[in-house]
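Understanding the architecture of this molecule
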Amino acid sequence: MNQQLVIEQTIAYVKQELANAEGGHDWWHIYRVWQLSKKIAATENVNAFVVELGALLHDIADAKFHDGDEEIGPRKARAFLSSLHLEEDLITHIENIIANISFKGGNHTQAFTSPELNVVQDADRLDAIGAIGIARTFNYGGFKGRELYHPEVKPRLNMTKEEYKKSQAPTINHFYEKLLLLKDRMHTKTAKAMAEHRHQYMQQFLEEFYQEWEGER
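Values in this document were obtained by computation on a predicted structure and should not be read as measured data.

Attention now moves to the side chain of Asn118. Inspection of the secondary structure puts Asn118 in helix H6 (residues 115–126). Not counting residues within four places of it along the chain, the set of residues in contact with Asn118 comprises Thr113 and His187.

Moving on, we come to the packing of aromatic side chains. Enumeration over the complete set of coordinates arrives at 15 aromatic pairs. A centroid spacing of 4.2 Å and a plane angle of 5° characterise the contact between Tyr13 and Phe80, whose relative ring orientation is stacked. Of the two residues, Tyr13 is situated in helix H1 (residues 3–17) and Phe80 in helix H4 (residues 72–83); the sequence distance between them amounts to 67 residues. Using a relative accessible area of 15% as the deciding quantity, one classes Tyr13 as buried. Each ring, one from Trp27 and one from Tyr31, has its centre 6.2 Å from the other, and the planes form 55°; the classification is tilted. Residue Trp27 and its partner Tyr31 are both found in helix H2 (residues 27–41); the two are separated by 4 residues, about one turn of the helix. Trp27 gets classed as buried once you look at its relative accessible area, which sits at 10%. The class for Tyr31 is partly exposed, based on a relative accessible area of 32%.

So, how was this worked out
Residues numbered from 1 in each chain as written. Predicted model: local features only at pLDDT ≥ 70, side-chain atom pairs only at ≥ 80, totals over all residues. Heavy atoms only, no water. Helix = DSSP H or I, 4+ residues; strand = E, 2+ residues; numbered from the N terminus. Contact = heavy atoms within 4.5 Å. Phe/Tyr/Trp six-rings, centres within 6.5 Å; stacked < 30°, edge-to-face > 60°. Buried < 20%, exposed > 50% of the residue type's maximum accessible area, 1.4 Å probe, protein only.

Take it as geometry only, folks, not as evidence of what the structure does.
Listed below in structure tokens is the structure:
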């Protein structure tokens, strides 16, 4: 099948599957990660087709919206890609991208890597930081009914994977437990440069937040 046709069918599938998704993990999140992935891939030696499909399908069934089931996303992606009669090695590669893309806490070691995963993971992490990242973080915190901030609840930087998944900490803690860590976890030169700006923006936001919290501004 023509690659462009596969991309178009994948877009249609993802839009349908995520029609009622939480605002930080909806089609527009996929769209931004897809666009960022193409931008990064243009400067890397990668299979651009794998990158695009990996980006489009990376959150087809995010585990945190499916009772922590980390297999449902790769499984759904495989079923869809198999229906298009794509090559087995390509399907397996995209399954591995989906299974290994997520941040799972400070102590988790990633089991699989590839240049294509690096690109999609960088794009996904870029969408988790900066102005968009701030908006997504508070949107998800509201979705889960979490406090904005509690001065007595300190961030935990060394949680296990299971502790990270079950955390109900205030939203501000998420900046320290994940978002501010992502700048130093980028793989590609393009993403590293973009992450610097987005990281600084988050730091400025937090400084303003704390000053307003105390009534200093």
